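Observations on chain architecture
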Amino acid sequence: MNFWESVRVSLRSIQTNKLRSFLTMLGIIIGVSAVIAMVAIGEGASANVASQINGLGSNLLIVSPGQARQGQISLGAGSLNTLTLADAEAIAQNESVAGVAPSINGRAQLVWRNKNYSTSLEGTSESYLQVRNTDVQQGRFFNHLEVKERANVAVVGTEVVSNLFGDAGANPVGQTIQINKIPFEIIGVLQSKGSSGMTNNDDKVIIPVTTAMDRITGGKNVGTIYVSAVSAEQMALAQADVQATLRARHHLKPKDSDDFQIRSQTDILSTAQSVTSVMTALLSGIAAISLVVGGIGIMNIMLVSVTERTREIGIRKAIGATRWDIQRQFLIESVTLSLLGGIAGILVGIGGVLLIGKLAGLPTSISLPPMLYAFLSSMLVGVIFGVYPARKASQLKPIDALRYE
Amino acid sequence: MKTVIAMENVTKIYRIGDQEIQALRGVNLAIEEGDFVAIMGPSGSGKSTMMNVIGCLDKPTSGEFYLDGHPVSEADDDELAIIRNRKIGFVFQNFNLLPRTSAVENVELPLLYAGVPAKERRERAIQALESVGLGDRLANKPNELSGGQQQRVSIARALVNHPVLLLADEPTGALDTKTSMEIMHIFQQLNEAGKTIILVTHEPDIAEYAKRIVRFRDGQVVSNELVTARRWATLQEAEVMA
Ligand SMILES: Nc1ncnc2c1ncn2[C@@H]1O[C@H](COP(=O)(O)OP(=O)(O)OP(=O)(O)O)[C@@H](O)[C@H]1O
Ligand SMILES: [Mg+2]
């Protein structure tokens, strides 16, 4: 008997027991669809995180104040105020460094005519666009002179535009707004980046760092210094240069530890990815368990089927079916069951992902490999859990099978 | 004449717990090609056991059994399956057709396991069904056929792979007189065409359609005689009886 004949016979026997076959497949369907859905959501989330991290800028190093320690206890990153504008300027002197954008953050109350809007404020330098890998979509960004002279100029995000000027397409360039009661001229609108997760990247106003320190936030220190290396290859060198510069400026002795922290995009990315890989391992565990459970269901029903069809097996053997003919027929039947379950599971999974993506607005990413795995492993389950019942069927003695009532 | 079956001192012992049942106690029998043998004997005398051994569905406990010149005792399970497929056609008392499967597909089954391609399979199955007068019932499932028709399907199935031997264990046991006669008519026609047939029956008049009667008692052959007044089954006679 050839392969397709066996497939036809198994499909027919599945068809004659529709409900039972469906219930048998349910274990596999649920397992596979759950895994497909979770992988898609997990990958969507990690792709989102990765794009956020990459969206921070190009060849970016992030320098933040070091952690204050009391004995062994860390008080957390940024708990020291050690970075200054002068540090940023010194870092910029390095050959390996393409641009430096110090950053200081605060809240700002914006007023235009009778409109009032509260948003986040960032003070930075003219290198911001280059370092953070972005651009203005209208007007221009402030220049070195404006930073030096502490000019009252502001660049706003599109969210701010739509809230103050009625719609995101309005042209606010040239308008004067009040930021914490101080008048600023809007000179540009930042390119829209959309929202990522909880934060809306377009909901902010940017002013020269000097102006911010002087008039809005006060104080002498900057929160973070963003540094871009001249190239990806020079990242390590740039990191060493920044470290050396800061240690010299902060008068640290060789035995002292850094009072600042330098992280690169790759560091952050690999942290995020290690979280993802733990999640993937967990998902694989769930997948394996659900497939085993589904497989046991298939084995159970195949054993029932062998008993029920003892007479049929006897007839087939009496007219010339060999052991392998019988074994193959039942194996193909169990594989067909598990594969149909797997395929249905993949479809249900995709449907679920699309639904969740729509309803919850979560980023999802449907990719081929998990489906391929689901397909192959459900096939494997069919083989593994089908072998025993199939062997049992094939070893029946024809005369006993024919007599079976 | 070629000897299709040769049995030398064949025994078959069934064990149930520590009880031994001697179903066959040293059977010696030779059947020539083209013969038509009716096996008779009281219930429990070992007729079915004997048929199962001849049909390679069961192995003898001891003794030698040659089928078409080959010793069967040396064959393993798969070789026996191939012998059943190529050399033997079996007709059972209770038909043993696959349920929910059409007549033509039931008849195709031996060809399926013989590896005959689909198209030829279908042609030969239709031909076999036509030869037993069921050319118009190809698509019927067993539960859509009468007992006599089901038995004719199983005869077609037994014949489709051109076996050297046709075995029938009480083929008319579940049928009325008229239908029995139709079945015997088919058997006689097949035998006239040269097919060797062995048939088990309880009814003396059915046995008289055969050429030879072998009688069993207590697992042994007690007589082996030619039928003196052989009867011929015709379809007209079947009509008259109905
Ligand atoms: N599978 C079996 N296990 C145990 N004993 C069996 C088995 N098959 C047959 N027997 C015994 O072997 C003996 C012969 O049985 P067999 O079926 O050959 O008789 P038979 O001549 O065909 O009878 P009948 O005319 O009633 O069909 C009987 O005593 C029966 O009980
Ligand atoms: Mg019997």
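All values reported here derive from a predicted model rather than from experimental measurement. (Residues numbered from 1 in each chain as written. Chains lettered and ligands numbered in written order. Predicted model: local features only at pLDDT ≥ 70, side-chain atom pairs only at ≥ 80, totals over all residues. Heavy atoms only, no water.)

Quick word on the pattern of salt bridges
Summed over all chains, the structure comprises 26 salt bridges over all chains. In this structure, Lys12(B) engages Asp58(B) in a salt bridge whose closest nitrogen and oxygen atoms are separated by 3.3 Å. Separated by 46 residues along the polypeptide, Lys12(B) in strand 1 (residues 3–16) and Asp58(B) in the loop between helix 1 (47–54) and strand 4 (62–67) bring together distant segments of the chain. Both residues of the pair, Lys12(B) and Asp58(B), belong to the buried class. Within this structure, Arg309(A), Glu312(A), Arg316(A) and Glu333(A) form a network of salt bridges that share partners. (Salt bridge = Lys/Arg side-chain N within 4 Å of Asp/Glu carboxyl O. Helix = DSSP H or I, 4+ residues; strand = E, 2+ residues; numbered from the N terminus. Buried < 20%, exposed > 50% of the residue type's maximum accessible area, 1.4 Å probe, protein only.)

Looking at the confidence of the model for chain B
Keep in mind that low pLDDT regions are not for reading the predicted coordinates in detail. Residues and elements named next belong to chain B. Averaged over chain B, the pLDDT score is 93; the fraction of residues at 70 or greater is 99%. Looking across chain B, the model is least confident in helix 8 (residues 235–241), with a mean pLDDT of 71, and most confident in strand 3 (residues 36–40), with 97. The complex model carries a pTM of 0.73, and its ipTM stands at 0.93. (pLDDT = per-residue confidence, 0-100.)

Remarks on the domain arrangement of chain A
Per the domain assignment, the segments of chain A are domain 1 (3–51 + 271–403) and domain 2 (81–258). Just the C-alpha atoms count here: the centres of domain 1 of chain A and domain 2 of chain A sit 55 Å apart. (Domains from an automatic or database assignment.)

A short note on the site of ligand 1
Taken together, 15 residues sit near ligand 1, with Ser43(B), Gly44(B), Lys47(B), Ser48(B) and Thr49(B) positioned nearest. Mapping the residues near ligand 1 onto chains gives chains A and B. At a separation of 3.0 Å, a nitrogen atom of ligand 1 approaches a polar side-chain atom of Arg403(A). Within the side chain of Ser48(B), a nitrogen or oxygen atom sits 2.7 Å from an oxygen atom of ligand 1. Computed on the free molecule, ligand 1 has an accessible area of 630 Å², of which 70% lies beneath the protein chains in the complex. Broken down by secondary-structure element, the contributors of at least two residues to the shell around ligand 1 are strand 1, strand 2 (19–32) and helix 1 of chain B. (Near = heavy atom within 4 Å. Polar contact = N/O pair within 3.5 Å; in protein donor to acceptor, adjacent residues only side chain to side chain. Areas by Shrake-Rupley, 256 points an atom, 1.4 Å probe, with all protein chains shown as cover.)

Re the packing of aromatic side chains
For the structure shown, the criterion picks out five aromatic pairs over all chains. Summarising the aromatic geometry, the rings of Phe90(B) and Phe92(B) are spaced 4.6 Å apart at their centres and angled 10° between planes, so their arrangement reads as stacked. Following the ring pairs from residue to residue traces out a cluster consisting of Tyr128(A), Phe141(A) and Phe142(A). Here Arg132(A) stacks its cationic end above the ring of Tyr226(A), 4.1 Å away from the centre of that ring. Sitting over the face of the ring of Trp232(B), Arg230(B) holds its NZ or CZ atom 4.5 Å from the ring centroid. (Phe/Tyr/Trp six-rings, centres within 6.5 Å; stacked < 30°, edge-to-face > 60°. Lys NZ or Arg CZ within 6 Å of the ring centre and 35° of its normal.)

What about the sheet that holds strand 2 of chain B?
Residues and elements named next belong to chain B. One open sheet holds the four strands; their spatial order is 2-1-4-5, and the pairing between them is antiparallel. If you trace the sheet from one side to the other, it starts and ends with strand 2 and strand 5 (70–71), each paired once. One ladder, built from five bridges, connects strand 1 with strand 4; its direction is antiparallel. Counted as the bridge partner of Met 7 is Phe 65 from strand 4. (Pairing = 2+ DSSP bridges.)

Some thoughts on the environment of Ile21(B)
Residues and elements named next belong to chain B. Mapped onto the elements, Ile 21 comes out in strand 2. Classification of Ile 21 as partly exposed rests on a relative accessible area of 36%. As a C-alpha pair, Ile 21 and Gly 89 span 68 residues in sequence and 28 Å in three-dimensional space. Those residues within four positions of Ile 21 in sequence are excluded, and the remaining contacts are Lys 12, Ile 13, Tyr 14 and Ile 16. (Contact = heavy atoms within 4.5 Å.)

Let's talk about the pairing of strand 10 (residues 220–226) of chain B
Consecutive side chains along a regular strand alternate between the two faces of the sheet. Residues and elements named next belong to chain B. As paired elements, strand 9 (residues 212–217) and strand 10 share six bridges and run antiparallel to each other. Of the residues in strand 10, the one forming a bridge with Arg 215 is Ser 223. Linking two consecutive strands that pair antiparallel, namely strand 9 and strand 10, is a turn of two residues; a positive phi of about 50° is found at Asp 218 within it.

A word on the interface of chain A and chain B
Accessible area lost when the parts come together is the quantity often used to give the size of an interface. Every contact between the two is made by 23 residues of chain A and, on the other side, 24 residues of chain B. Buried area between chain A and chain B, both sides added, is near 2,100 Å², and the carbon and sulfur share of it is 54%. On the chain A side of the interface with chain B, the three residues burying the most area are Ile315(A), Ile319(A) and Ile399(A), jointly 26% of the side's total. Put simply, chain A and chain B have three salt bridges between them. Between Asp78(B) and Arg323(A) there is a salt bridge, and its shortest N-O distance comes to 3.4 Å. Those elements that provide at least two residues to the side of chain A that touches chain B are helix 1 (3–16), helix 10 (310–318), helix 11 (323–360) and helix 13 (398–403) of chain A. Sorting elements by how many residues they give to the side of chain A that touches chain B places helix 10 of chain A first, with six residues. Residues of the side of chain A that touches chain B, tallied by class, amount to eight nonpolar, four polar and eleven charged. (Buried area = accessible area lost by both parts, 1.4 Å probe. Nonpolar A, V, L, I, M, F, W, Y, C, P; charged D, E, K, R; others polar.)

Brief notes about helix 12 (residues 368–394) of chain A
An α-helix turns once per 3.6 residues; consequently, residues spaced three or four apart project the same way. Helix length check: helix 12 of chain A (27 residues) gives 37 Å between terminal C-alpha atoms against 39 Å at 1.5 Å per residue, within 8%. For helix 12 of chain A, the complete set of buried residues consists of Pro370(A), Met371(A), Ala374(A), Ser378(A), Val381(A), Gly382(A), Phe385(A), Gly386(A), Pro389(A), Ala390(A), Ala393(A) and Ser394(A). (Expected span 1.5 Å × (residues − 1).)

Quick word on the sheet that holds strand 10 of chain B
Residues and elements named next belong to chain B. Reading across from one edge, 6-7-8-3-9-10 is the order of the six strands in this open sheet, with mixed pairing throughout. Both edges of this open sheet fall to strand 6 (88–91) and strand 10, since each of them pairs with a single strand only. Averaged over all adjacent pairs, the angle separating strand axes in this sheet is 15°, with direction ignored. Against the sheet, helix 5 (residues 147–159) contacts strand 6 and strand 7 (165–169), and its axis sits at roughly 170° relative to strand 6. (Axes fitted to C-alpha atoms, helices over the stretch in contact; angles between N-to-C directions.)

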